[in-house]
Amino acid sequence: MKQYAKIEARQIEERYARGWHCLGKVEEFNQQPRRLNYFGTSLVAYRGEDNQIIILDGFCPHMGADLSEGYVEGNSLRCAMHAWRWGEDGVCDDIPYAKKIPPKACIKPWPALERNGLVFVYHDPENNPPLEHEMPPVMAECDSSEWSAWQVKLIQIETNSRELIDNMSDKAHFGPVHSSEALSFKNTFDKHTCVQTMQGKSPRLAGENVLTTTATYYGPAYMITEMSGEMNGIAVESRLLVSHVPTSTESFDLRFGVMVKLIPGLDETATQEMVDSYVVLSQEAFLEDVHFWHSKARVDNPILCDGDGPITRLRRWYDQFFVNRADVPGIWDEEKSYSVDSINPIPAQKALLDEAASNK
Ligand code: FES
Ligand SMILES: [Fe+2]
C-alpha cells in the first residue's frame, strides 16, 4: 500500500515559557494601572510613587475585581471594589473595615525590569526568581545619541508561539517568502541563547549589497537583531526587536521594533525620513511571515531535507523553557553550532514565478 506523509500535531499543553517577556516601551507605563491579558491570565502593571514598575496578579482575590480599575497609593494598589490595598510585594497591607488581615491575602508579584527603553516581565510557573545571567543584556545603542529611538509596532498573532521561533532555523523560507536569498547561514545554541547568523541578498534592505544579520534570542521570547544593510546606496546599521508575549497557547502579542544608526551629515528631516522608510521596509519584511502563520498547519513531525536549517534542534532548545528548571537537559550548557551550506541558493519567489512562466 502506498504510504503518504501524515502531519502530526499534539495537543498543546497549557504551560507558558519561563523567561523575560517584553511589554513595550517604558513610556507606555505610568501611575495609571494597566491590565495585561497574558499567560492565559490577567496582570496589572503600574508605576509606584518611586517610579518603579510594579506588576501583580490582575484580579483581586477578595471578590475578583479587576485591579487595573484600582488606584495607586505610594507603591501599593488599592482595589476599587472594597478598598483592600495590595503592596508591591503582593501582600495585602490594608483593609479599612477589618480588625485583622487574613494571612492568605497575598497575590503574586511578577518580577519587572526596565532596560533598553523597554519594559519586561518575568514568567516562571515555578515562581523562582530570574537568574542574573539570563537578564536581557544592556544595549549601548539605547543610550546613545547616534541612534534613533525604538519604533515599535504591536501585532496580534493568532497562532502558537513556536511558529515564530521556527523562523530562527528556517533557512529555506528566506528566498520564497522574503525574496532574500541566504548565502551563508548558521545557528548557535548556548544555554538560554540561540543565534542566527546570516548573510544574504536583499534588494529591499541592502540594495546591491549583502545583508548581514545576527539575530539572538535571549530566552524564549526576546530577540535582538544586529543588521547591516543599505538604502539608496547608503550603508544602514539597524537593530531589530522581535519579542512576543503569549495571550493564550493559540495567540500572542508580537512587538516588532526598529532603531537605526543616524547618518552623519544628514539633516534632521532627511534622517527622520530615512529612519521612517527603513522601519517601513523592515516591518514589511516581517509581515510576510505573519501571513504564513495565519494560514499554515502546526507540524510536529516536519519532513526535512539536508538544505533545511536545524529546526528539530531548535525546537528542543525552545522546549527547555517549558519544563521545570531542574529538568532542563545539560546539553544546552555547551555551545553548539550548525552551518547550512548554500551550494544551491534558494531563489526568490519572483525568480520561481518567472521560471514557471517561461516553461509554459
Ligand atoms: S474585590 Fe478587591 S477588595 Fe473586594
Ligand atoms: Fe521570516
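Quick caveat, the model's predicted, so the values are computed rather than measured.

**A few points about the overall build of the protein**
Helix and strand content of the protein: six helices and 19 strands. A compact globule built from 360 residues should have a C-alpha radius of gyration of about 21 Å, and the protein, at 23 Å, falls within 12% of that. When the backbone C-alpha atoms are referred to their principal axes, the protein occupies close to 85 × 70 × 40 Å. Here the protein, with 360 residues, has 32% of them falling under the buried criterion. Taking the intrachain contacts of the protein between residues at least 6 apart in sequence as the baseline, contacts between residues at least 24 apart amount to 57%.

**Considering the environment of F185**
By secondary structure assignment, the location of F185 is in strand 13 (residues 182–190). With 121 residues separating them in the primary sequence, F185 and D306 have C-alpha atoms 13 Å apart.

**A word on the domain arrangement of the protein**
When the parts of a complex come together, some accessible area is lost, and that lost area is often taken as the interface size. Domain annotation for the protein reports domain 1 (19–134) and domain 2 (140–352). Computed over C-alpha atoms only, the centres of domain 1 and domain 2 are separated by 32 Å. Domain 1 puts 16 residues into the contact, and the matching count from domain 2 is 18 residues.

**Quick look at the environment of S238**
Of note, S238 is situated in strand 17 (residues 234–248). Look at S238 and you get buried, because 24 C-beta atoms sit within 10 Å. Residues S238 and F321 lie 83 residues apart in sequence; the distance between their C-alpha atoms is 29 Å.

**Quick word on the environment of D300**
Along the polypeptide, D300 turns up in the loop between helix 4 (268–295) and helix 5 (311–319). Remark: the alpha-carbon pair of D300 and G229, spanning 71 residues in sequence, is separated by 35 Å. In this view, D300 contacts E8, A9 and R10; residues no more than four positions away in its chain are not counted.

**Observations concerning helix 4**
Taking 1.5 Å as the rise per residue, helix 4 with 28 residues should run 40 Å; its terminal C-alpha atoms sit 41 Å apart, in good agreement. Next to the buried residues of helix 4 lie strand 12 (151–157), helix 2 (174–178), helix 3 (203–206), strand 16 (222–231), strand 17 and strand 18 (251–260).

**A closer look at the sheet that holds strand 13**
What the eight strands build is an open sheet, ordered 12-18-17-16-15-14-13-19; its pairing is antiparallel. Each end of this open sheet is capped by a strand with a single partner; those strands are strand 12 and strand 19 (336–340). Here the average twist between neighbouring strands, direction ignored, is 15°. Helix-sheet contacts for helix 4 involve strand 12, strand 16, strand 17 and strand 18, and the interaxial angle to strand 18 is about 155°. Across the face of the sheet, helix 5 comes into contact with strand 13, strand 14 (193–201) and strand 19 while running at roughly 30° to strand 13.

**Observations concerning the sheet that holds strand 6 (residues 76–78)**
The strands making up a sheet are joined through hydrogen bonds of the backbone, oriented either antiparallel or parallel. Across the sheet, which stays open at both edges, the four strands sit in the order 5-6-7-8 with antiparallel pairing between neighbours. This sheet does not close on itself; its edge strands, each paired only once, are strand 5 (71–73) and strand 8 (92–94). As judged from the two bridges shared by strand 6 and strand 7 (residues 85–86), these two strands associate in the antiparallel manner. The residue of strand 7 that forms the bridge with R78 is R85.

Reading the values: the criteria
Counting restarts for each chain, with residues numbered from 1 along the sequence as it is written. Chain letters and ligand numbers both follow the written order, the letters beginning at A and the numbers at 1. Local features are withheld for residues below a pLDDT of 70 in this predicted model, meaning they are given only at 70 or higher, and side-chain atom pairs are given and counted only at 80 or more; totals for whole chains, interfaces and linings count all residues. Each helix is a run of DSSP H or I of at least 4 residues and each strand a run of E of at least 2, with the numbering of both proceeding from the N terminus. Atoms considered for the radius of gyration are the C-alpha atoms alone. The globule rule reads 2.2 Å times the number of residues to the power 0.38. In this scheme the burial state of a residue depends on its C-beta neighbours within 10 Å: 20 or more other such atoms mean buried, 12 or fewer mean exposed, and anything in between means partly exposed; the C-beta positions come from the backbone. Any two residues are considered in contact once their C-beta atoms, placed from the backbone, lie within 7 Å. For the domain bounds, the source is a domain assignment made automatically or taken from a database. Residue count minus one, scaled by 1.5 Å, sets the expected span of a helix. Two strands are said to pair when DSSP picks up at least two bridges between them. Only C-alpha atoms enter the line fits that serve as axes; for helices the fit covers just the stretch in contact. Angles between N-to-C directions range over 0 to 180 degrees.

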